[in-house]
Amino acid sequence: MGEAVQVAAPASAGWVVLRDVDARGAAHGILTLARTRSGPAHVTVEVPGTRGAWLTAATAHAPTLGGRHSWNDVAVEPGPAWDRLTTGVVDVRLVLAGAVRVGELLLA
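The present account deals with the structure reproduced in this document. (Residues numbered from 1 in each chain as written. Predicted model: local features only at pLDDT ≥ 70, side-chain atom pairs only at ≥ 80, totals over all residues. Heavy atoms only, no water.)

## Section: the side chain of Thr44
Position of Thr44 relative to the elements: it lies in strand 4 (residues 41–48). Residue class for Thr44 comes out buried when judged on its relative accessible area of 11%. Apart from residues lying up to four places away in sequence, Thr44 is in contact with Thr56, Ala58, Thr59, Arg93, Leu94 and Val95. (Helix = DSSP H or I, 4+ residues; strand = E, 2+ residues; numbered from the N terminus. Buried < 20%, exposed > 50% of the residue type's maximum accessible area, 1.4 Å probe, protein only. Contact = heavy atoms within 4.5 Å.)

Here it is, written out as structure tokens:
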């Protein structure tokens, strides 16, 4: 039994929405990531903007080594909408691109 999210084959990207995330005051974030195969892989953390658009709050690139059970804590790189993520309770969309699995998102 597992509790990870990954892109379903044969798709190259997918997403999952986390509702009502309270990251008020968070100074940094960490994603726990693993690889499903070789190739480029990253996760984008997005928050809702105006008019239904999603805005980039942070990104993280999966390590190039390891397999599906080799978990790595990866610091997220804050993006232009980081302040929107950290000033209230918001929905968060994790966009997975490539051969990546997400085990956890920690915002502190």
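## Side note on the pairing of strand 4
Counting buried residues in strand 4 gives six out of eight residues, a clear majority hidden from the surface. Bridge count between strand 4 and strand 8 (residues 89–98): six bridges; the pairing is antiparallel. By the bridge assignment, Val43 is partnered in strand 8 with Leu96. Here strand 4 runs beside strand 5 (residues 54–61); their pairing, made up of seven bridges, is antiparallel. (Pairing = 2+ DSSP bridges.)

## A few points about the packing of aromatic side chains
Applying the stated criterion across every chain, the model contains zero aromatic pairs. Positioned above the aromatic ring of Trp15, the side-chain terminus of Arg93 is 5.6 Å from the ring centre. (Phe/Tyr/Trp six-rings, centres within 6.5 Å; stacked < 30°, edge-to-face > 60°. Lys NZ or Arg CZ within 6 Å of the ring centre and 35° of its normal.)

## A closer look at the nonpolar core
The biggest cluster of nonpolar side chains holds 26 residues, and the ones touching the most others in it are Leu31, Leu33, Val43, Leu85 and Val92. Put simply, the parts of the chain that give this core at least two residues each are strand 3 (29–35), strand 4, strand 5, helix 1 (82–85), strand 8 and strand 9 (100–107). Excluding residues within four positions of it along the chain, Leu85 makes contact with Ala23, Val47, Ala57, Val90, Val92 and Leu107. (Core = buried A, V, L, I, M, F, W, Y, C linked by side-chain atoms within 4.5 Å.)

## As for the pattern of salt bridges
For the coordinates displayed, the defined rule picks out three salt bridges. Across the pair Asp91 and Arg19 runs a salt bridge whose closest N-O atoms are separated by 2.7 Å. Of this pair, Asp91 sits in strand 8 while Arg19 sits in strand 2 (residues 13–22), placing them 72 residues apart in sequence. For Asp22, the salt bridge goes to Arg24, with nearest N and O atoms at 2.7 Å. Residue class for Asp22 comes out partly exposed when judged on its relative accessible area of 47%. (Salt bridge = Lys/Arg side-chain N within 4 Å of Asp/Glu carboxyl O.)

## Regarding the sheet that holds strand 8
In space, the five strands of this open sheet follow the order 2-8-4-5-7, with antiparallel pairing throughout. The open sheet has two edge strands with one neighbour each: strand 2 and strand 7 (77–78).

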